[in-house]
Amino acid sequence: QVKRLDWKQGLAAKIEQAKTLPPLTQLPADEAALAPLEFRMVRISGRWLKDKEFHLFPRWYQGKQGYWIITPLMLKDGRVVLVNRGWVPLEKKEPKTRPETAVRGNATVEGIVRIGEDRHYFTPTNSPEKNIWFGRDIAAMASAAELSSVVPAMLDRVGTQDAATLPVPSNGTITLRNDHLSYILTWYGIALGILVIFLSYHRKK
């Protein structure tokens with residue numbers, strides 16, 4: 001927990017630093033150069049691959065469960081980046097139920113770079129046959145949609161949030177859950193209590 005607290009504090013510092021930097025206008029082709037850019041804002045242009053879409057579940061907005069809509073964007077250099085366009089409610093999973101969210105042609109997207117699968121021990125297995133995904137599994141999504149030259153990062157689109165306008169984008173805020181200090185205090189407290197009981201028991205004997 002001490003190590004995880006140190007890691008989480010470093011991550012929070014990285015997020016705060018990224019807020020002070022100007023938006024990027026392109027993504028590096030080198031994966032090693034891309035990794036340090038997590039949480040940076042970018043403003044890039046490309047062409048929507050409108051016939052492909054992924055649904056990331058479960059995601060919440062204003063206490064209501066739904067999906068994130070992930071759509072591939074082909075960049076000018078031919079690479080493809082997956083864009084998390086935002087949230088839709090459960091009943092709006094299928095594109096035919098929300099024609100107003102259809103994308104076509106060229107677009108400029110402003111978003112935050114996110115790297116990693118966003119998974120933990122209890123994350124369920126993806127269901128590609130149902131187009132239901134439980135983590136940012138970029139490689140698996142690319143394989144399922146037969147996409148090539150996919151950037152190993154996802155963009156979370158940032159914009160104005162309005163439940164009446166779908167999909168609802170990110171507001172640009174990244175919240176990290178950090179309970180590690182309380183865990184540290186709890187475990188050290190338990191250890192201290194056991195030590196006191198141990199010493200008290202042997203003193204009486």
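Residues numbered from 1 in each chain as written. Predicted model: local features only at pLDDT ≥ 70, side-chain atom pairs only at ≥ 80, totals over all residues. Heavy atoms only, no water.

Enquirer: How would you explain the pairing of strand 2 (residues 54-61) if you had to name every residue and give the values?
Expert: Most of strand 2 sits inside the fold, with six of its eight residues counted as buried. Sheet analysis places strand 2 next to strand 3 (residues 64-75), joined by six bridges and oriented antiparallel. Bridged to Arg59 within strand 3 is Gly66. As consecutive antiparallel partners, strand 2 and strand 3 are separated by two residues, and within that stretch Gln62 has a phi angle of approximately 50°, a positive value. (Buried < 20%, exposed > 50% of the residue type's maximum accessible area, 1.4 Å probe, protein only. Helix = DSSP H or I, 4+ residues; strand = E, 2+ residues; numbered from the N terminus. Pairing = 2+ DSSP bridges.)

Enquirer: Lay out unusual backbone geometry in plain terms, naming residues and giving numbers.
Expert: Note that the residue after Phe57, namely Pro58, is joined by a cis bond; omega there is -10°. Here Pro58 lies in strand 2. Look at Phe39: it is not a glycine, yet its phi comes out positive at around 80°. Note that Phe39 resides in the loop between helix 2 (31-34) and strand 1 (41-48).

Enquirer: Lay out the nonpolar core with the relevant residues and their values.
Expert: With 24 residues, the main nonpolar core has Phe54, Ile70, Leu82, Met141 and Leu147 as its most contacted residues. Those elements that place two or more of their residues in this core are strand 2, strand 3, strand 4 (80-89) and helix 3 (138-144). Excluding residues within four positions of it along the chain, Ile70 makes contact with Lys52, Glu53, Phe54, Leu56, Leu82, Val83, Asn84 and Met154. Listed in part, the 18 residues of the second largest apolar core include Leu24, Leu37, Val81 and Val83. (Core = buried A, V, L, I, M, F, W, Y, C linked by side-chain atoms within 4.5 Å. Contact = heavy atoms within 4.5 Å.)

Enquirer: How would you explain the packing of aromatic side chains if you had to name every residue and give the values?
Expert: A full pass over the atoms with the stated rule returns five aromatic pairs. Here the aromatic rings of Tyr61 and Trp87 are separated by 5.4 Å at their centres, their planes lie at 45°, and the arrangement is tilted. Within this pair, whereas Tyr61 is found in strand 2, its partner Trp87 is found in strand 4, the two being separated by 26 residues in sequence. For Tyr61, a relative accessible area of 12% gives the class buried. Classification of Trp87 as buried rests on a relative accessible area of 5%. Through successive ring pairs, a cluster of aromatic residues spans Phe57, Tyr67 and Phe134. Positioned above the aromatic ring of Trp48, the side-chain terminus of Arg85 is 5.8 Å from the ring centre. (Phe/Tyr/Trp six-rings, centres within 6.5 Å; stacked < 30°, edge-to-face > 60°. Lys NZ or Arg CZ within 6 Å of the ring centre and 35° of its normal.)

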